[in-house]
Structures are given as structure tokens and as C-alpha cells.
Amino acid sequence: MKPHLIVLDLDGTLLTDEKIISPKTEQTLRKAVSQGHHVMIATGRPYRASEVYYQQLDLTTPIVNFNGAFVHHPTDRSWQTIHETIALPVVNEVVDAMQNFPVKNIIAEVMDDVYAQYHDERFLDILNFGNPLITAGDIRNSLRTDPTSLLIQADPLTVDPIRQHLEDLHAEVIDHRRWGTPFNIVEIVRHGLNKAVGIDAVAKWMNVPVDRIIAFGDEDNDLEMIDYAGTGVAMGNAIDRLKSIADEITDTNNEDGISRILEERLSLQKNIVV
């Protein structure tokens with residue numbers, strides 16, 4: 001079988017609800033690599049918060065972080081890194097506009113530096129992977145460089161009005177996605193960026209055609225990736241919109257849904273030793 005590129009979202013997809021890779025899924029992915037296939041991660045997380053899983057699987061591929069705003073190869077410095085940022089004036093305009101909404105927090109990430117509008121231990125805890133430098137205070141005063149991404153935390157009823165505002169006033173310069181519970185986050189990156197853009201750059205570098213890409217996801221930020229891949233797979237726990245465009249729907253992230261599809265698609269089942 002010709003080499004396939006297997007693309008994995010992290011939260012709600014590769015990771016169980018306990019934020020681990022199950023033994024069966026890890027075994028299946030290692031078997032796929034041993035048979036000549038490629039495995040890569042595409043996530044909204046920064047690299048510092050995904051590196052532990054990259055290393056656990058002993059990956060040797062580029063990785064897509066910040067939903068496509070940062071793509072690099074952790075083990076090959078000759079690979080041309082992609083890093084697209086949001087213009088600082090646009091960030092300041094968004095922060096200004098958010099004063100008219102009951103937002104809980106606004107976070108700007110400049111690679112591994114985190115700038116928080118308000119100090120919130122519970123929310124900042126999820127951004128603390130890799131021990132980033134965290135600066136709390138009005139972003140309009142503390143942020144001095146174009147950030148990689150911007151996060152807006154709001155209550156569930158406020159998320160859609162915020163997204164509509166961003167669409168109405170900033171659609172030409174930024175794109176936005178939604179994280180689900182428990183934090184209800186609007187994530188903003190530079191316009192034209194998404195996971196599919198980063199995956200396409202990696203696939204071309206690997207010389208793997210789109211029809212041999214199998215991508216797994218569960219959330220709003222996986223829509224372009226699932227639509228782009230030759231085989232786009234929605235997890236059983238995925239949002240309905242993603243399921244509606246997926247080529248296949250598998251079991252949930254807690255039920256080794258990735259393993260089931262790969263065993264069937266790549267004929268791995270008979271080769272796995274239990």
C-alpha cells in the first residue's frame with residue numbers, strides 16, 4: 001500500500017477525556033508508521049502544549065500548531081517554518097470592541113509568551129503547558145509585537161454575537177473558530193489560516209497526494225481539515241456540523257475511534273499483536 005499521511009487533532013480526537021493517548025491507539029499508530037505511513041499532529045494548541053504527545057509517538061514529521069498559524073519541523077531545522085501573525089493594530093481594535101461585550105478574559109499568545117487581560121488561575125492553567133512567560137494586565141499596554149493568536153473567553157450566549165461582530169468588521173484580516181465547553185473560547189488567527197493550509201504544505205513537502213490523506217477531528221477548528229483530506233473522519237463525539245461534511249464517522253475519542261478507521265483503511269488489524 002502506498003504511504004498515507006495520517007493527520008490527528010489532539011483534544012477530543014487523539015486524546016481521551018483524560019488527556020492521554022490510549023495504549024491501543026498508540027499501538028495502531030506505531031504499526032502504521034512501521035508499515036511506511038506518516039503520522040502528524042494538527043492542533044489549535046501551541047507547540048509547547050503538544051510536544052509531549054509528539055515525543056510520546058516518536059514522530060518525525062512537521063506539526064501544525066495554532067490552527068495553522070505556526071507550522072514547523074521539531075527535528076529538522078532545514079524545513080522552512082511557517083509563522084503567520086495578527087497585526088497589532090487589529091488586535092487593539094478587537095480588544096477595544098470587546099469592551100462592549102461581557103467577556104471573561106482576552107489572551108494573546110506570541111509563540112510561548114502569554115498576555116492575559118485579566119488574571120484568572122483556572123483559565124490560565126490550561127495555557128501553562130511548557131511554563132510560558134505570562135503577563136497579566138491590559139493587552140493594549142503590555143503587548144508590543146504581533147501575536148500568533150488571540151483568545152476571547154465569554155459565556156455561551158455571548159460567543160455567537162462576538163463572532164458575528166468579528167465577521168462584520170474584521171473578516172478581511174482575521175479568521176475565528178470556537179472552542180466548546182468548559183471555557184467557550186473564540187480563537188482568532190490571521191485571515192486565510194486553518195489546519196488545512198498547514199497540512200497542505202506538509203503533504204506537498206512529503207509528496208503525498210490529497211487522496212492519501214486521512215484526517216481525524218471533532219471540533220469547529222477541524223472543518224477545513226476534514227473537508228480537505230481525501231478521507232475526512234469525524235469522531236463519534238464530534239460536533240454535528242463536522243459530522244455532516246465528514247467522509248466517515250468513527251467511534252469516540254474514548255473508544256479508540258482512530259484505531260478502528262486505520263485498521264480498516266490500512267489493513268493493520270491482522271498485523272497488530274494484542
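Owing to the predicted nature of the structure, the values given are computational and were not obtained by experimental measurement.

**Q** Which parts of the structure should I look at to understand helix 8 (residues 195-206)?
**A** Residues that lie three or four places apart on an α-helix share one face, since the helix turns once every 3.6 residues. Between its terminal C-alpha atoms helix 8 stretches 17 Å, which fits the 16 Å expected from twelve residues at 1.5 Å a residue. Its side-chain oxygen placed 3.0 Å from the backbone nitrogen of Ala196, Asn194 serves as the N-cap of helix 8.

**Q** Could you clarify how one ought to interpret the environment of Ile214 in this entry?
**A** The topology assignment puts Ile214 in strand 12 (residues 213-217). Those residues in contact with Ile214 that sit more than four places away from it in its chain are His4, Leu5, Ile6, Val7, Thr231, Val233, Leu262, Arg265 and Leu266.

**Q** Please explain empty space enclosed by the protein as it appears in this structure.
**A** In this approach the atoms are scanned with a rolling probe the size of a water molecule, which exposes any empty space left behind. Taken as a whole and assessed by the stated rule, the structure comprises two cavities of 30 Å³ or more. Quantified by volume, the largest cavity comes out at close to 60 Å³. The wall of the largest cavity is formed by Asn67, Asp175, Arg177, Glu187, Val189, Leu193, Asn194, Lys195, Asn221 and Glu224. Secondary-structure elements contributing two or more residues to the lining of the largest cavity are strand 10 (174-179) and strand 11 (185-190).

**Q** Help me out: how do you make sense of the packing of aromatic side chains in this one?
**A** Ring pairs (aromatic) are described by centroid distance and by the angle formed between their planes. Applying the stated criterion to the full structure yields two aromatic pairs. Residues Tyr47 and Tyr54 carry aromatic rings whose centres are separated by 6.3 Å and whose planes lie at 75° to one another, so their mutual orientation is edge-to-face. Comparing Tyr47 with Tyr54, the two get one shared label, buried. Each ring, one from Trp79 and one from Trp205, has its centre 6.0 Å from the other, and the planes form 85°; the classification is edge-to-face. Of this pair, Trp79 sits in the loop between strand 4 (70-72) and strand 5 (82-83) while Trp205 sits in helix 8; the two residues are 126 residues apart in sequence, bridging distant segments of the chain. By relative accessible area, which is 9% here, Trp79 ends up buried. The partly exposed category is assigned to Trp205, whose relative accessible area is 43%.

**Q** Quick question: what am I supposed to make of the layout of surface pockets here?
**A** Volume-wise, the second largest pocket comes out at about 150 Å³. For the second largest pocket, the full set of lining residues is Arg30, Val33, Ser34, His37, His38, Val39, Leu57, Asp58, Leu59, Thr60, Thr61 and Met206. For the lining of the second largest pocket, the secondary structure elements donating two or more residues are helix 2 (23-34) and strand 2 (38-41). It is helix 2 that contributes the most residues to the lining of the second largest pocket, three residues altogether. Among the residues making up the lining of the second largest pocket, the classes are represented as five nonpolar, five polar and two charged.

Thresholds, definitions, all that
Residues numbered from 1 in each chain as written. Predicted model: local features only at pLDDT ≥ 70, side-chain atom pairs only at ≥ 80, totals over all residues. Heavy atoms only, no water. Helix = DSSP H or I, 4+ residues; strand = E, 2+ residues; numbered from the N terminus. Expected span 1.5 Å × (residues − 1). Polar contact = N/O pair within 3.5 Å; in protein donor to acceptor, adjacent residues only side chain to side chain. Contact = heavy atoms within 4.5 Å. 1 Å grid on protein atoms, 1.4 Å probe; cavity = no way out; pocket = protein on both sides within 12 Å on 5 of 7 lines; lining within 4 Å. Points joined across faces, edges and corners; volume = space filled by probe spheres on them. Phe/Tyr/Trp six-rings, centres within 6.5 Å; stacked < 30°, edge-to-face > 60°. Buried < 20%, exposed > 50% of the residue type's maximum accessible area, 1.4 Å probe, protein only. Nonpolar A, V, L, I, M, F, W, Y, C, P; charged D, E, K, R; others polar.

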